[in-house]
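# Structural description and commentary
If you want the building blocks of each chain, they are given just below.
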Amino acid sequence: MTSPTTAGHRLHTDALVADAHNDLLMLVVRRPPQLWATYFRDVWYPQLRAGGVDLQVLPVFIDHEFTPEGALRETLRMVEAAHRIAEGNPDLVALCRTGAEIDTAISSGRIALVLALEGCPQIDTDIELLQTFARLGVRIVSFTHFGRSALADGSGEDRTGSRLTRAGVEALTLLESLGVTIDVSHLAATGVDHVLELATRPVIATHSCARSLHDHHRNLSDDHIRGIAATGGLICANLYAGYLTTETPTLDHVVAHIERLTELAGPTKVGIGADFVADLFAEKIPACDRPLIIEGTNTEILVPGLEGPSGLPLVSHALLTAGHHENEVRGIAGANLARFLGATHHGTDNHAALPRR
């Protein structure tokens, strides 16, 4: 009889694996531009391949040190870095704007890269710049981070009860007209309500968990999870321990959040948005400033084995061991996100009705 570990490894190796959130561009642009492509190839490509990643969303996040004046410049540097990564490694990765391009990249054995904006400090109320970024390849946009932006409030501002601003409403309309997906991760609860009221296209939460299991403002309420799914959207489970539990984190907590998401949204509406932070904070945060506490969470406490992309097979194994059908695990591992982004040849259809093993 095949052992669970072997079965889980084989399934993950064979599955399409997709991650909706990895901030690796923040580390790429800390290098000289002439090293961007080689740094990615030497440091990040092996990690992604070790995790079986076929599709990686690359968010552009602008740290506080660049705001407000340097936000647009740093954004353009990060977008340029993504293009240089692809141009410098054409045999390994491809920067993709469409589902067809994702299909082509994966079919040829390359990792499909998709650009996103995490927060919009670089545009303020100049929403026409969203069209500029769409021209440059950005396919997913969130309006804010923890704080307040010209478009919306982040989840850290929940007590303000704010909805989208007038510019935020205009931005939503523009993005939908451009076919760019709106990301509600990090958005304040009333902002999520507002997006769900206005949206005429599917929306995504690229890296969020279930608030009913862990009451942190970064997590989504049951109603929001259902609402996102009702748009035809997708909720990608965050693997960061601080959003999973206040206990010692384990893979069981990851499984519990994924199961809650699938219970509320259905298994075809759930993916993974890993939000790996270990490499990022190890390089950016000096020892004198550790442990780094962000919104009440200790960034050094991680789920064992999920320090980086190479740990992703553990999630598939844990789900399979918990009794989830192989097709359901394949969908969560990446096929659901690939299909959401328009890929057509790598999904597993109709597994919502499949029984658990």
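Shown above is the structure to which this text applies.
Residues numbered from 1 in each chain as written. Predicted model: local features only at pLDDT ≥ 70, side-chain atom pairs only at ≥ 80, totals over all residues. Heavy atoms only, no water.

A few words on unusual backbone geometry. A cis amide bond links Thr 67 with the next residue in sequence, Pro 68, at an omega value of 0 degrees. Considering the arrangement of structural elements, one finds Pro 68 in the loop between β2 (53–61) and α4 (71–88). With omega at 0 degrees, the peptide bond leading from Arg 290 into Pro 291 counts as cis. Looking at the element boundaries, Pro 291 is found in the loop between α11 (278–284) and β10 (293–294). With phi around 80 degrees, His 186 is a residue other than glycine that occupies positive phi space. Structurally, His 186 can be placed in the loop between β6 (181–183) and α8 (189–198). Phi at Asp 275 takes a positive value of approximately 60 degrees, unusual for a residue other than glycine. Mapped onto the elements of the fold, Asp 275 is located in the loop between β9 (270–272) and α11. Residue Asp 275 is classed as buried on the basis of its relative accessible area, which comes to 11%. (Helix = DSSP H or I, 4+ residues; strand = E, 2+ residues; numbered from the N terminus. Buried < 20%, exposed > 50% of the residue type's maximum accessible area, 1.4 Å probe, protein only.)

You can see Pro 304 is positioned in the loop between β11 (297–298) and α12 (312–321). Separated by 56 residues in the primary sequence, Pro 304 and Thr 248 have C-alpha atoms spaced 9.8 Å apart. Those residues within four positions of Pro 304 in sequence are excluded, and the remaining contacts are Pro 249 and Leu 314. (Contact = heavy atoms within 4.5 Å.)

To continue, consider the packing of aromatic side chains. Counted according to the given criterion, the structure contains one aromatic pair. Pairing Tyr 240 with Tyr 243 gives two aromatic rings, centres 4.9 Å apart and planes at 75 degrees, and the pair type is edge-to-face. A relative accessible area of 4% places Tyr 243 in the buried class. Across from the ring centre of Tyr 39, 4.1 Å away, lies the NZ or CZ of Arg 31, which sits over that ring. (Phe/Tyr/Trp six-rings, centres within 6.5 Å; stacked < 30°, edge-to-face > 60°. Lys NZ or Arg CZ within 6 Å of the ring centre and 35° of its normal.)

We now examine the layout of surface pockets. Taken as a whole, the largest pocket spans an internal volume of roughly 720 Å³. Phe 61, Asp 63, His 64, His 145 and Phe 146 are the residues nearest the centre of the largest pocket, which is lined by 34 residues in total. A per-element tally of the lining of the largest pocket places α11 first, with three residues. Of the volumes computed, that of the second largest pocket is approximately 270 Å³. Around the second largest pocket, the lining comprises 17 residues; the ones closest to its centre are Gly 179, Thr 181, Arg 201, Phe 340 and Leu 341. For the lining of the second largest pocket, the secondary structure elements donating two or more residues are α5 (99–107) and β6. Residue classes in the lining of the second largest pocket are distributed as nine nonpolar, four polar and four charged. (1 Å grid on protein atoms, 1.4 Å probe; cavity = no way out; pocket = protein on both sides within 12 Å on 5 of 7 lines; lining within 4 Å. Points joined across faces, edges and corners; volume = space filled by probe spheres on them. Nonpolar A, V, L, I, M, F, W, Y, C, P; charged D, E, K, R; others polar.)

A few words now on the nonpolar core. One finds Leu 25, Leu 130 and Phe 143 to be the most contacted residues of the largest nonpolar core, which totals 99 residues. Counting residues per element, this core draws most heavily on α4, at seven residues. Beyond its immediate stretch of four places on either side in the chain, Phe 143 contacts Gly 119, Cys 120, Ser 149, Leu 151, Ala 152, Leu 164, Gly 168, Ala 171, Leu 172, Leu 175 and Asp 183. (Core = buried A, V, L, I, M, F, W, Y, C linked by side-chain atoms within 4.5 Å.)

This part is about helix α10 (residues 251–265). The terminal C-alpha atoms of α10, which comprises 15 residues, lie 21 Å apart, in line with the 21 Å expected from a rise of 1.5 Å per residue. Against α9 (222–230), β8 (234–237), β9, α12 and α13 (326–340) lie the buried residues of α10. Between the side-chain oxygen at the start of α10 and the backbone nitrogen of Asp 252 there is a gap of 3.2 Å, and the oxygen is on Thr 250. Backbone geometry just downstream of α10 places Gly 266 in the positive-phi region, at approximately 100 degrees. (Expected span 1.5 Å × (residues − 1). Polar contact = N/O pair within 3.5 Å; in protein donor to acceptor, adjacent residues only side chain to side chain.)

For the rest of this paragraph, the subject is the pattern of salt bridges. Opposite charge on two side chains lets them pair, provided their charged atoms get close. Within this structure, the stated rule accounts for 15 salt bridges. A salt bridge links Arg 226 to Asp 223; the nearest nitrogen and oxygen atoms lie 3.1 Å apart. Here Arg 226 pairs with Asp 223, and both are found in helix α9, just three residues apart, close to one helical turn. Under the relative-accessibility criterion, Arg 226 is labelled partly exposed at 40%. Among the charged side chains, a salt-bridge network with shared partners connects Arg 30, Arg 31 and Glu 283. (Salt bridge = Lys/Arg side-chain N within 4 Å of Asp/Glu carboxyl O.)

Among the five residues of strand β5 (residues 138–142), five are classified as buried, and the element is accordingly described as predominantly covered. Where strand β4 (residues 111–118) and β5 come together, four bridges link them in parallel fashion. Its bridge partner lying in β5, Leu 117 is registered against Val 141. Where the polypeptide runs from β4 across helix α6 (residues 129–135) and back to β5, its parallel neighbour, the crossover connection is right-handed. In this structure, β5 lies alongside β6, joined through three bridges in parallel fashion. Bridge pairing in β6 links Ile 140 to Thr 181. For the crossover that starts at β5, traverses helix α7 (residues 166–178) and ends in the parallel β6, the hand is right-handed. (Pairing = 2+ DSSP bridges. Right-handed = clockwise from strand over helix to strand, strands pointing away.)

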